[in-house]
Amino acid sequence: MASGFRGRVRRFLQKPGTADLGRYQRFLPEITEQGPRLRGLADAQLAAAAAEAASAADICAIGREAARRGLGEEPFDVQLLGTLAMLSGQVVEMATGEGKTLSGAIAAAGYALRGRSVQVMSVNDYLARRDAEWMRPVYELLGVTVAWIGQESSPQQRRLAYAAQVTYASASEIGFDVLRDRLRTDVADLVAAAPDVVLIDEADSVLIDEARVPLVLAGAVATAAADTQMAQIVRRLSRRLHYEIDEEGRNVRLTDAGARAAERALGGIDLYTEEHLDALTRLNVALHAHALLQRDVDYIVADGRVRLVDESRGRVARLQRWPDGLHAAVEAKEGLSASDSGEILDSMTIQSLVRRYPTVCGMTGTAVAVGEQLREFYGLEVAVIPPNVPCVRIDEPDRLYATVRQKEEAVADLVTTMHAQGRPVLIGTLDVAESERLARRLKLAGLSCAVLNAKNDAQEAAIVAEAGAYGSITVSTQMAGRGTDIRLGGAKRGQRTDHHQARDHDHDQAAGHDNDQARDHDQARDHDHNQVAELGGLYVIGTGRHVSSRLDHQLRGRSGRQGDPGGSVFFVSMQDELIVQYGREAPPDAEVPPDGRITDARADWLVGHAQRVAEGVLLDIHRNTWRYSKLIEDQRQIVLEHRDQVLRTGEALQALAGRCPERFAELSTALDEDVLQKAARQIALYHLDRGWTEYLARMADIREGIHLRALGRGLNPLDQFHAEAVRLFGHMLDEVARQSEETFATVPISADGADLAAAGLMRASSTWTYLVQDDPFGSPLSRAARSIGRLIRKPPN
Ligand code: ADP
Ligand code: MG
């Protein structure tokens, strides 16, 4: 009866979108019971037990013993609750410093032991490497292979790393591997692994904050410098004598006289031999640009660049380029240097990257606040794990000031006061400019501080780790997602430097440290810890509230870890972007004292309200972006599956042979079958990749103009966009088939395969990748504000 009542109360109190922990808690006795028996096993027996682990409880029990042996840390019950929830495909919320790295590693090993292939997605390269190396002893004891990938890893290293049972890598490295594979034309060159299980660290950062960020693969098609030469040649040709244009103005053809003139200008070559096919193609492209495309009708030249005019709209279409070298030919015609902006070959958002995995789970300090979004966008549930020791941090109410200047003065004063007591202070700012202003102010006051500004992850982690030392002052932007633990009194031995450095040493050697020295060190550390704890622990100051309260909590959560004392306070000014943009009310008109401090009762409400409005706007943006990108993502999947089919089977040749039987018969007498397979594949993939690239550019462009067009005709822009996407996608696939057939019929094919270059069909000569962010060093607030600004300027749906 009583327990039934408690159950009902618990369910009632439970936040929406969160899981009931009861179903995990009941495994704990069973896990604990296995402890003594497992402790008696030799390492090899432990690995054997792991291989046979049947249940999630077995995995937790064996994982706990492996962590005890490998790291000297025995996972707390709450850490194993986290592991269990992740093994059920949930996102766990566990406060900073609770030991998520270990919880996650046991979960990852658990999936691996069930035969799954696991990728642990980290926020950056530094953390991917740190965590893989840090957890390696645990994995080794469990008989699970582990590896990591960083930006510098070679394709071969990546392939090997993906082959491990558990692979640590940042979201962007994984995403770029997937994108780069999109351009490979040989199965042996593929790098990325098939998506299976992904375990995401700092899951809210990746799944919500970064979800809309597109990963972009861009490429430069080799536009020969000789384009200028061709442009000069065609400029001297005259219509009717040297070339003819058909009635509709859609095609241009050289006359015999034109061909002879061009041949002379090119040094007396014969354009119609196979050797000069390339020159002939370039000449034709240049002629097309010269004779068929008219400046100020088909395109305009602005800011030194060629911009296309879309016939149907008469407005400038910024994102579009003509295909296959024509763009460069027009640039050459206009005497402009070839634009080096490259073109987007493919792109995908982090959200769609994650949605490829059949199993998704994750961990973060702040998940509940985005529980509903995790459910809406990913179908994920949140499990809230209580802290091992209750949190006693004191969170003070916000302090509101009239101006930024007054606010910053007050911040500096408070830092001075805290520092005078020796209490460590961590100051989180919203942007780099503010952190630098504040550092200058503190310096003038005679205080020295460490300033972090998002440039070197490894070095910064080392600085953050020391932020809890006696008397230290640390100023940092974007604490969310930094993933570094701040201990009172300073970092612990072995964490003072990077984990992996310690681990690079021989295992046994590390274990053989001088015991006395280690004990002295531990005692000194405890003393440092207690000294700072007596002062009240780490004091966190936020110089402004973030666009979402979740990010505020991330910052506060750096203090008060594992039951330590701590404090936090946020400063806000009426001039802060958040208040100016979203604060609905005019500033309270109560009398403002000389120091600018506003103590009006409505101040708290005002700040909270502005933040809720901002959160709502961000959610709308996310939802809206997703609605637009969903269909394109589905189409992308269709293209990828088709591409994979072409890459791995003889489908391309079969189709092309069916459509061009004579050409096939002619070719198959001269070459063996393998060469033809390869050639057909090259041709089909070339056109498919080109078609997709051009389709993406076209859709991006349509997306830009869709609101205006749809609004004019009283239609729903999203429906319109979808209708266009479906139509153009079908058209694109037809064109790919037609062009492939045409190329197969005409392109020179030898034992080396199809000579696509001879037909002017060039693959990107180089590719590069980037993340689209307005300003990589800007604060999330200013980035969000800018995108909101853009959204607001557009007419609403
Ligand atoms: P989080 O990612 O949750 O913020 P970390 O995984 O970085 O936390 O771990 C924080 C610190 O806690 C690390 O120094 C780690 O060694 C320590 N730790 C984790 N689990 C335990 C444990 N069971 N016993 C003792 N220390 C632990
Ligand atoms: Mg962490």
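The rules behind these values
- Position labels on residues start from 1 in each chain and follow its written sequence.
- Whichever chain is written first is A, and whichever ligand is written first is 1; the rest continue in order.
- pLDDT decides what is reported in this predicted model: residues at 70 or higher carry local features, side-chain atom pairs at 80 or more are listed and counted, and totals for whole chains, interfaces and linings draw on all residues regardless.
- As a convention, hydrogens and water are excluded, and side-chain values are obtained from all of the structure's heavy atoms.
- A pair of strands counts as paired when DSSP detects no fewer than two bridges linking them.
- Numbering goes from the N terminus for both helices and strands, where a helix is a DSSP run of H or I of at least four residues and a strand is a run of E of at least two.
- Helix axes use the C-alpha atoms of the stretch in contact, all axes being lines fitted to C-alpha atoms, and the angles between their N-to-C directions lie in the range 0 to 180 degrees.
- Residue proximity to a molecule or strand is established when one non-hydrogen atom of the residue lies within 4 Å of it.
- A 3.5 Å cut-off defines polar contacts: any pair of N or O atoms within that distance qualifies, except that in protein one atom must be a possible hydrogen donor and the other a possible acceptor, and neighbouring residues in sequence count only when both atoms are side-chain atoms.
- Residue polarity is assigned by list, with Asp, Glu, Lys and Arg as charged and Ala, Val, Leu, Ile, Met, Phe, Trp, Tyr, Cys and Pro as nonpolar; anything else, Gly included, falls into the polar class.
- Here is the rule: rings of Phe, Tyr and Trp (six-membered ring for Trp) pair when centre to centre is within 6.5 Å. Planes less than 30 degrees apart are stacked, more than 60 are edge-to-face, and the remainder are tilted.
- Exposure is judged per residue with a 1.4 Å probe applied to protein chains only, and the accessible area is read against the type maximum: over 50% gives exposed, under 20% gives buried, and values in between give partly exposed.
- The criterion for a charge sitting over a ring is simple: Lys NZ or Arg CZ within 6 Å of the ring centre, and within 35 degrees of the ring normal.
- A residue's pLDDT is the predictor's confidence in that residue, given on a scale from 0 to 100.
- Throughout, a residue-residue contact means that at least one pair of heavy atoms, one from each residue, lies within 4.5 Å.
- Should an angle lie under 35 degrees it is considered roughly parallel, over 145 roughly antiparallel, and from 65 to 115 roughly perpendicular; all remaining angles are considered oblique.
- When the near helix sits turned anticlockwise from the far one by under a right angle, the crossing is termed left-handed; a clockwise turn instead gives a right-handed crossing.
- In what follows, salt bridge is the name for a side-chain nitrogen of Lys or Arg lying within 4 Å of a carboxyl oxygen of Asp or Glu.
- An expected span of 1.5 Å times one less than the residue number is assigned to each helix.

Peer 1: Just to check I follow, could you spell out the sheet that holds strand 5 (residues 197-201) for this structure?
Peer 2: Within a sheet, neighbouring strands are paired by backbone hydrogen bonds and run either parallel or antiparallel to one another. Strands sit in the order 3-4-2-5-13-1-14 across an open sheet of seven strands; the sheet is parallel. Here the strands that pair on one side only, and so sit at the sheet edges, are strand 3 (146-148) and strand 14 (382-384). Between one strand axis and the next, the sheet turns by 20° as a mean value, whatever way the strands run. Sheet analysis places strand 2 (residues 118-122) next to strand 5, joined by four bridges and oriented parallel. Residue Q119 lies in a different strand from strand 5, and its bridge partner there is V198.

Peer 1: Can you help me understand the site of ligand 1 in this one?
Peer 2: Near ligand 1 lie 18 residues; those nearest to it are E73, Q79, G97, K100 and T101. Residue R487 places a side-chain N or O atom 3.5 Å away from an oxygen atom belonging to ligand 1. Residue classes in the shell around ligand 1 are distributed as four nonpolar, six polar and eight charged.

Peer 1: Can you walk me through the packing of aromatic side chains in this structure?
Peer 2: Two aromatic rings are characterised by how far apart their centres lie and by the angle between their planes. Tallied over the entire structure, the rule returns six aromatic pairs. Between W692 and F729, the aromatic rings sit 6.4 Å apart at their centres with planes inclined by 90°, giving edge-to-face as the arrangement. A residue pair is termed long-range when its members are at least 10 positions apart, and W692 in helix 29 (residues 673-712) and F729 in helix 30 (residues 717-746) qualify at 37 residues. As far as the burial class goes, W692 and F729 line up, both buried. Here a set of aromatic residues connected by ring pairs shows up, and it is made of W692, Y695 and F729. Residue placement shows R26 over the ring face of F27; its charged tip is 5.1 Å from the ring centre. Here R114 stacks its cationic end above the ring of Y111, 5.9 Å away from the centre of that ring.

Peer 1: Hey, could you run me through the confidence of the model for the protein chain in this one?
Peer 2: Caution applies to low-pLDDT regions: their predicted coordinates should not be interpreted in detail. Per-residue pLDDT for the protein chain has a mean of 82; in total, 81% of the residues score no lower than 70. With pLDDT under 50 throughout, residues 494-513 is counted as low confidence; its partners more than four residues away or in other chains account for 22 contacts. Here residues 773-797 is modelled with pLDDT under 50, and outside its nearest four sequence neighbours on either side it reaches 47 contacts, counting other chains as well.

Peer 1: Would you take a moment to explain the packing of helix 5 (residues 56-71) against helix 7 (residues 100-113) for this structure?
Peer 2: For any two helices packed against each other, the geometry comes down to the angle between their axes and how far apart the axes lie. It is at 10 Å that the axes of helix 5 and helix 7 come closest, and there the two elements cross at 125°. The angle between helix 5 and helix 7 falls in the class oblique. Helix 7 is crossed by helix 5, and the crossing has right-handed handedness. The segment helix 5 lies against helix 7, with I59, C60, G63, R64, A67 and L71 engaging L102, I106 and G110. Here the residues of the contact of helix 5 with helix 7 sort into six nonpolar, two polar and one charged.

Peer 1: Mind showing me how you'd approach unusual backbone geometry here?
Peer 2: Backbone phi values are negative for most residues with the exception of glycine, while trans is the configuration of most peptide bonds. With phi around 50°, E202 is a residue other than glycine that occupies positive phi space. Given a relative accessible area of 7%, E202 falls into the buried group. Although it is not a glycine, R240 sits at a positive phi angle of roughly 75°. Within the secondary structure, R240 sits in the loop between helix 12 (227-235) and strand 7 (243-245).

Peer 1: Looking at this structure, how should I read the pattern of salt bridges?
Peer 2: A complete count under the given rule lists 40 salt bridges for this structure. With its nearest N and O atoms 3.9 Å apart, the salt bridge here joins E65 to R39. Of this pair, E65 sits in helix 5 while R39 sits in helix 3 (residues 28-39); the two residues are 26 residues apart in sequence, bridging distant segments of the chain. Judged by its relative accessible area of 4%, E65 falls in the buried class. A salt bridge links D395 to R393; the nearest nitrogen and oxygen atoms lie 2.7 Å apart. On the accessibility criterion, D395 (37% relative accessible area) is partly exposed. A single network of salt bridges, built from pairs that share partners, joins R39, D43, E65, R68, R69 and E74.

Peer 1: So what exactly am I meant to see when it comes to the environment of D186 here?
Peer 2: Mapped onto the elements of the fold, D186 is located in the loop between helix 10 (171-181) and strand 5. Using a relative accessible area of 41% as the deciding quantity, one classes D186 as partly exposed. Residues D186 and R648, 462 residues apart in the sequence, show an inter-C-alpha distance of 8.4 Å.

Peer 1: Looking at this structure, how should I read helix 5?
Peer 2: In an α-helix, one turn spans 3.6 residues, which is why side chains three or four residues apart end up on the same side. Taking 1.5 Å per residue, 16 residues should reach 22 Å; helix 5 reaches 21 Å between its end C-alpha atoms and fits that length. The buried fraction of helix 5 amounts to 14 of the 16 residues, a majority that puts the element mostly inside the structure. G72 occupies a position one or two residues after helix 5 and carries a positive phi of about 75°.

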